[in-house]
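# Overview (structure and organization)
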Amino acid sequence: MLFNSIQFIIFFPIVVIIYYCIPHRWRWFLLLVASCYFYMAFTPYYIFLIMAAIIVDYIIGILIETCREQGKSNTKLLLGIGFFFPLLILFVFKYYNFFNQSIIDIAKFLNLNYSPNILNLILPVGISFYTFQTLGYVIDVYRGNQKAERHLGIFSVYVMFFPQLVAGPIERSRNLLQQFYEKHSFDYKRVTDGLKLMAWGFFKKMVIADRIAVVVNEVYNNPGNYTGIHFIIATIFFTYQVYCDFSGYSDIAIGAAQVMGFRLMENFQRPYFAKSIQEYWRRWHISLTSWFRDYVYIPLGGNRVVRWRWYFNVYVVFLITGLWHGANWTFIIWGALHGLYSLFSIMTRNIRARATRFISIDRVPMIKKIWQVGATFSLVNFGFILFRSNSISDAYYIITHLFSGIDKLFYAIMSFDYQMIKKLVIVTDTNALGIKPSKLFLPEMFIAILAIIIMESVHLIQRKGSVRYLLSQKSAFLRWSIYYLLLLSIIFFGINTQNPFIYFQF
């Protein structure tokens, strides 16, 4: 079930009303039934996959804790089983065909005969998210950081909690599990705060992400029809599309959970204001980044090892991050590229510090910050070419033609030739960058750009604190005017085609 669907608009209020009307002891059952229904709205029979993962890791958690209490030494074997089973499911459904096809391509290149069966499977929605959530639980139990959950129903709700089931945040057992035992009474402020956050998420998804997706899809699905300026526009738009789509989902998920009294972890912190690649990853998809830090990077030794091993640890984490995002070489190369960004940043830290002192840019902090943010944003944009491209060949074509025709555009701008600018930037043979003739291109893009400016303005305000808190200090007239404007913008300017969220495919 999509958040941006009529079904959810009906489903969510019904669940919330029943949730607050029934006794606390039955709420876990309501949430379990609601979560099962929510997930089965996508592909019903895949509910058995997630149930199998739940049962196996539920049993493994109890066995690990029991063996540790009895002083037995087979906890590592149990941990291995708890790891192997969910990862096997993930591999079969997400990566089997990718690795098989890669082997086929290598065999063809070497003139070898290798033709295995390709599985015709639909990728289960959210499989990467709930797999990592169960793995994190098993590791925490093994480390003694989390008591094994004995209530199968509550453990099932922890894994399947419908607000964050499909695309996160990837919650930790230490944060979420115990919350299902807490009694959450109806609190007007908490409920309305959650609804406001949900509305903000819908604004980012429906008004911004789904609108600029039209241009992004047109250019990236037909790269041969376009030139450099179109690739630059589409890539910048995709940078905002993927952020608004994914952070919009996170806002809706966190807000929906808050309405019912649950606290989910923050998943984004204004990532496009980051001043370095390392800072960007501390702000982007925080639940995944922190998961890899705690369960992969630190166990590998983190930065408390010799320098070459530290570099190795950093690079491995980024490679795995790329692979986690999708079974395609474009994602792996995207992860490898960010690994190179990070290593280059680490290796040149002292050189850059000396250069900064030499040119005295520290004397003008604002210019320094603009330069750092602009450079980081440009590197992230370049990486997203690989992330969005349908194939390596498409990515190569876009990268090698990224500045083609820019000289003509520059000449047209300097000559104030509006018709030439319009032809070079907007018009193609059949449409205006995917906008059909039945719609006006400029108003559509004006709405998108204005909405992005509004969003970034809100992000600037957030540096001073929570926008919801700051608004609560204002007059009722101003507050409700802003709330109504937000709601009306979603209703009148939102794209109501129920487009799936981008991270559903991961």
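Okay, so let's go over this structure. Bear in mind the structure is a predicted one, so any value in this text is a computation, not a measurement.

Cut-offs used in this document
- Residues numbered from 1 in each chain as written.
- Predicted model: local features only at pLDDT ≥ 70, side-chain atom pairs only at ≥ 80, totals over all residues.
- Heavy atoms only, no water.
- Buried < 20%, exposed > 50% of the residue type's maximum accessible area, 1.4 Å probe, protein only.
- Helix = DSSP H or I, 4+ residues; strand = E, 2+ residues; numbered from the N terminus.
- Contact = heavy atoms within 4.5 Å.
- Salt bridge = Lys/Arg side-chain N within 4 Å of Asp/Glu carboxyl O.
- Lys, Arg positive; Asp, Glu negative; His and termini not counted.
- Polar contact = N/O pair within 3.5 Å; in protein donor to acceptor, adjacent residues only side chain to side chain.
- Phe/Tyr/Trp six-rings, centres within 6.5 Å; stacked < 30°, edge-to-face > 60°.

## A look at helix H11 (residues 286–297)
The periodicity of an α-helix, 3.6 residues per turn, causes residues three or four positions apart to be oriented the same way. The element H11 is largely enclosed, with a buried count of 10 among its 12 residues. If you check which residues of H11 are buried, you get Ile286, Ser287, Leu288, Ser290, Trp291, Phe292, Asp294, Tyr295, Val296 and Tyr297. Buried residues along H11 sit against helix H5 (127–143), helix H7 (173–176), helix H10 (277–283) and helix H12 (307–325).

## Quick word on the environment of Leu123
For Leu123, the location among the structural elements is in the loop between helix H4 (75–109) and H5. C-alpha of Leu123 to C-alpha of Tyr46: the two residues are 77 residues apart in sequence and 9.5 Å apart in space. Not counting chain neighbours up to four residues away, the residues in contact with Leu123 comprise Tyr46, Phe93, Lys94 and Gln505.

## A closer look at the pattern of salt bridges
Per the stated rule, a full pass over the model turns up 14 salt bridges. The closest approach of N and O atoms between Lys189 and Asp193, which form a salt bridge, is 2.8 Å. Taken together, the residues span about one helical turn, with Lys189 and Asp193 both in helix H8 (residues 188–221) at a distance of four residues. You can call Asp193 buried: its relative accessible area is 10%. Taking the shortest distance from any N to any O, the salt bridge between Glu279 and Lys275 comes out at 3.8 Å.

## Points about the environment of Ile212
Looking at the secondary structure, you find Ile212 in helix H8. Taking relative accessible area as the criterion, Ile212 reaches 0% and is therefore assigned buried. Ignoring any residue separated from it by four or fewer positions in sequence, one finds Ile212 in contact with Phe237, Tyr240, Gln241 and Ala448.

## With respect to the side chain of Lys94
If you trace the backbone, Lys94 turns up in helix H4. For the buried Lys94, no salt bridge exists, and the shortest N-O distance to an oppositely charged side chain is 15 Å, to Asp245. Separated by 2.6 Å, the side chains of Lys94 and Ser128 make a polar contact.

## As for unusual backbone geometry
The phi torsion at Arg270 lies on the positive side, around 45°, for a residue other than glycine. Tracing the backbone shows Arg270 in the loop between helix H9 (228–259) and H10. The phi dihedral of His285 falls on the positive side, at around 45°, and the residue is not glycine. The topology assignment puts His285 in the loop between H10 and H11. The exposure class of His285 is buried, given its relative accessible area of 0%.

## Examining the packing of aromatic side chains
In this structure the tally under the stated criterion is 62 aromatic pairs. Ring centres of Trp334 and Phe387 lie 4.9 Å apart, and the angle between their planes is 75°; on these two criteria the pair is classed as edge-to-face. In this pair, Trp334 sits in helix H13 (residues 329–347) while Phe387 sits in helix H15 (residues 365–388), placing the two residues 53 residues apart along the sequence. Here Trp334 and Phe387 have matching classes, each one buried.

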